[in-house]
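# What the coordinates show
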Amino acid sequence: MAEPQPDFLHKIIQRIDLRTGKDAVQARQVVARELKARGVSALRVTRFATAVSEIARNVIVHGGGGHFTVGLNAATSYLDVECRDRGRGIPDIEQAMKDGFTTAGGLGRGLGGAKRLSDRFEIETVPGQGTTVRMSAKI
Amino acid sequence: MAEPQPDFLHKIIQRIDLRTGKDAVQARQVVARELKARGVSALRVTRFATAVSEIARNVIVHGGGGHFTVGLNAATSYLDVECRDRGRGIPDIEQAMKDGFTTAGGLGRGLGGAKRLSDRFEIETVPGQGTTVRMSAKI
Amino acid sequence: MSGVASIHLVENALLVSIQDDVTDTEIIDLQDALSNRIADENVDGVIVDISALEIVDTFVGRVIAQLAGISRLLAAETYVVGMRPAVAVTLVELGMYLPQTRTALSLSHALAQLRRG
Amino acid sequence: MSGVASIHLVENALLVSIQDDVTDTEIIDLQDALSNRIADENVDGVIVDISALEIVDTFVGRVIAQLAGISRLLAAETYVVGMRPAVAVTLVELGMYLPQTRTALSLSHALAQLRRG
Ligand SMILES: Nc1ncnc2c1ncn2[C@@H]1O[C@H](COP(=O)(O)OP(=O)(O)O)[C@@H](O)[C@H]1O
Ligand SMILES: Nc1ncnc2c1ncn2[C@@H]1O[C@H](COP(=O)(O)OP(=O)(O)O)[C@@H](O)[C@H]1O
């Protein structure tokens, strides 16, 4: 799963602590602003901001809070986002990615949807230790 | 699963590398052309070309690309198609054949559908090593 | 609920405007307020205006579906108005087709449809 | 999107013609263009012409279903026209009934139905 991307988050733009729903809103608004400023189309901005919103909300709802970082991948012209938590992790990733799988009475479409809405998406998780999602949009 | 068909692909007509969606289109167009040239009915042509399209797309989307071969099975008057990749394979074939099973946000109707739309269908897969589908239409 | 969603009576419908930064706790207040007003004011329709929403993720999509579910149980029809094109495309990619709602281009379209019944 | 799908305004509908070799990347552009035009031109209907399609596999079937979903969220009705008989039979065999779409025999049938409202 985790193919290391050497230039991921090469230049950091902003960090946000993810604790409440408002923080997730701020995170995806920052992402939308950065993409718009680089001339990315409304549809692509919306797709990636939605993906980031899903993952940031998961950090808060399932991961007990965590950190969001957005930055540039200079070498490859991607906008990179990392969402990281030290929560319970995801025991079975393949199952969790499936549309409809939820442990919390959600819709269970967030993880799979976020992957489809991103140009790059990777997830690293250790049960009991936490989850890190790295996702990127072409700019 | 894999009952060996001795005369499978007895006489090869064409090979195509499967890398992009356009290659899958070309593969099923070749199949349609060969069946039509042999007087097969429009419905049978459509059914088998659709089956080939599903399997060729799977090679590209899930198998990381591969090879398509179409040929004749002289002894038994079948048009034979083989689609082969060296991708991750399918851990649980029975599950993957089920309508609705998908690991990629697809519809999950491709494998089961392709089997129903073919006159012969067999699948061979080794996790971590790749997948080969052999399918045939009566001519 | 301050600033998050306002509910206004327009003709025989309740207009609910959802703000871009609505949160979980505010949604519960909104559902509460809306359900009471549907019952009290005996309206035929609920019009959910989402023109302020830059995105609709599965959380907000679920909120809209739940508002529609509540309205339907209280015998009001739900219209969603003001959906941005990019939001529609993204919702479909997420597999959220909002089958419980009807959509209209604008408030006046929705009101016209409600008048027709 | 060049050559893959063209979008034309016909009466109060957008006519989308899907070409036989449409690919994944082109689909996103098509969804983008169509969703914007539905919103901008305020049409009642989207007519998806698939007469150029020799086959409809589950990928293309999903594309059609998504176009219909997007249109519905933007308050337009979707008609599929030009489906070959063998394609209809095969779609049913695949278990794809395209419930979100209405089908019409031809463009003029679809337009007539849209006029009736
Ligand atoms: N950061 C996380 N930490 C722990 N578990 C998670 C995390 N993100 C997702 N999950 C697990 O994966 C499941 C599926 O997530 P998702 O597809 O976003 O759906 P939903 O959030 O609606 O349940 C969640 O129900 C949860 O069990
Ligand atoms: N060539 C392949 N290599 C690896 N996995 C495959 C391959 N073909 C199919 N699969 C697996 O089988 C699942 C079901 O395939 P399919 O029925 O065609 O549905 P879909 O392609 O819509 O997911 C896929 O999601 C994938 O996990």
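None of the values given here were measured: they were computed from a predicted structure. The residue count restarts for each chain, going from 1 along the sequence in the order it is written. By the order in which they are written, chains take letters starting at A while ligands take numbers starting at 1. Totals for whole chains, interfaces and linings use every residue, but because this is a predicted model, local features are given only for residues with pLDDT of at least 70 and side-chain atom pairs only at 80 or more, for both listing and counting. As a convention, hydrogens and water are excluded, and side-chain values are obtained from all of the structure's heavy atoms.

### Some points on the overall build of chain A
Numbering of helices and strands starts at the N terminus; helices are DSSP runs of H or I of at least 4 residues and strands are runs of E of at least 2. Looking only at helices and strands, one finds four helices and five strands in chain A. Taken against the 2.2 N^0.38 rule, which gives 14 Å for 139 residues, the C-alpha radius of gyration of chain A at 14 Å falls within 12% of a compact globule. Reported as C-alpha extents along the three principal axes, the dimensions of chain A are approximately 40 × 30 × 25 Å. Here a residue-residue contact requires only that any non-hydrogen atoms of the pair lie within 4.5 Å. For chain A, the share of sequence-separated contacts (at least 6 apart) that also reach a separation of at least 24 residues comes to 64%. For chain A, the accessible area works out to roughly 6300 Å², and carbon and sulfur atoms hold 49% of it. By the counting scheme adopted, Arg and Lys are positive, Glu and Asp are negative, and His together with the chain ends is not counted. In this description, the location of a charge corresponds to atom NZ of lysine, CZ of arginine, CG of aspartate or CD of glutamate. Between the centroid of the 21 positive side chains of chain A and the centroid of its 15 negative side chains there is a distance of 6 Å. Atoms considered for the radius of gyration are the C-alpha atoms alone. The globule rule reads 2.2 Å times the number of residues to the power 0.38. All accessible areas in this document rest on Shrake-Rupley with a 1.4 Å probe, and a residue is counted as covered only by the protein chains that are shown.

### A short note on the confidence of the model for chain C
Taken as a whole, chain C shows an average pLDDT of 90; of its residues, 96% reach a score of 70 or greater. For this predicted complex, the interface confidence reaches an ipTM of 0.85, while the overall pTM sits at 0.87. The quantity known as pLDDT measures the predictor's confidence residue by residue, on a range of 0 to 100.

### Focus: the site of ligand 2
Residue and element names in this part refer to chain B. Consider each residue's heavy atoms; a residue with any of them within 4 Å of a molecule or strand counts as near. Of all residues adjacent to ligand 2, which total 18 residues, the nearest are Asn58, His62, Thr102, Thr103 and Gly108. In protein, a polar contact requires one atom able to donate a hydrogen and another able to accept it; more generally it is a pair of N or O atoms within 3.5 Å, and residues adjacent in sequence count only if both atoms are side-chain atoms. In the environment of ligand 2, an oxygen atom lies 2.8 Å from a nitrogen or oxygen atom belonging to the side chain of Asn58. Within the side chain of Asp85, a nitrogen or oxygen atom sits 2.9 Å from a nitrogen atom of ligand 2. Against a free-state accessible area of 550 Å², the protein chains account for coverage of 94% of ligand 2. Amino acids outside the nonpolar list (Ala, Val, Leu, Ile, Met, Phe, Trp, Tyr, Cys, Pro) and the charged list (Asp, Glu, Lys, Arg) are all regarded as polar, and Gly is one of them. Within the shell around ligand 2, the residues separate by chemical class into five nonpolar, ten polar and three charged.

### Considering the packing of helix α3 (residues 85-93) of chain C against helix α2 (residues 58-73) of chain D
Each axis is a line fitted through C-alpha atoms, taken for helices only over the stretch in contact, and angles between the N-to-C directions span 0 to 180 degrees. Two numbers describe how α3(C) lies on α2(D): the axes approach to 9 Å, and their chain directions differ by 135°. On the basis of their axis angle, the class for α3(C) and α2(D) is oblique. Regarding α3(C) and α2(D), the two cross each other, and that crossing is right-handed. Contacts between α3(C) and α2(D) pair C:Ala88, C:Val89, C:Leu91, C:Val92 and C:Glu93 from the former with D:Gln66, D:Gly69, D:Ile70 and D:Leu73 from the latter. Under this scheme an angle from 65 to 115 degrees is roughly perpendicular, one under 35 degrees roughly parallel, and one over 145 degrees roughly antiparallel; angles in between are oblique. When the near helix sits turned anticlockwise from the far one by under a right angle, the crossing is termed left-handed; a clockwise turn instead gives a right-handed crossing.

### Observations regarding the site of ligand 1
Residue and element names in this part refer to chain A. In the region of ligand 1, 18 residues are neighbours, and Asn58, His62, Thr102, Thr103 and Gly108 sit closest. Between an oxygen atom of ligand 1 and a side-chain N or O atom of Thr102, the distance comes to 2.6 Å. In the environment of ligand 1, an oxygen atom lies 3.2 Å from a nitrogen or oxygen atom belonging to the backbone of Leu107. If ligand 1 stood free it would expose 540 Å²; the protein chains cover 94% of that surface. A per-class count over the shell around ligand 1 returns five nonpolar, ten polar and three charged.

### Brief notes about the environment of D:Ala68
Residues and elements named next belong to chain D. Along the chain, the position of Ala68 falls in helix α2. Working definition: with a 1.4 Å probe on protein chains only, accessible area under 20% of the residue-type maximum means buried, over 50% means exposed, and in between means partly exposed. When its relative accessible area of 1% is taken as the criterion, Ala68 is described as buried. Residues Ala68 and Asn42, 26 residues apart in the sequence, show an inter-C-alpha distance of 16 Å. If sequence neighbours within four positions are ignored, Ala68 has contacts with Thr78, Gln100 and Thr101.

### Remarks on the sheet that holds strand β3 (residues 78-85) of chain B
All names here are of chain B. Reading across the sheet, the five strands line up as β1-β2-β3-β5-β4 and stay open at both edges, with antiparallel pairing between neighbours. Of all the strands in the sheet, just β1 (11-18) and β4 (120-126) have a single pairing partner and so form its edges. Between one strand axis and the next, the sheet turns by 15° as a mean value, whatever way the strands run. The rule for pairing is simple: two strands pair if DSSP sees at least two bridges between them. Pairing between β4 and strand β5 (residues 130-138): seven bridges, direction antiparallel. Across the sheet, the residue bridging to Thr125 is Thr131, located in β5. Docked against the sheet, helix α1 (residues 21-37) engages β1, β2 (66-73), β3 and β5, running at close to 160° with respect to β1. Here helix α2 (residues 42-61) sits on the sheet and contacts β1, β2, β3, β4 and β5; the angle it forms with β3, its principal contact strand, is near 15°.

### Digging into unusual backbone geometry
Here C:Ala75, not a glycine, exhibits a phi torsion of approximately 70°, which is positive. Secondary-structure assignment places C:Ala75 in the loop between α2 (58-73) and β4 (77-81). Its relative accessible area of 64% is what places C:Ala75 among the exposed residues. A positive phi angle is found at D:Asn42, which is not glycine, with a value near 60°. You can see D:Asn42 is positioned in the loop between α1 (24-41) and β3 (45-49).

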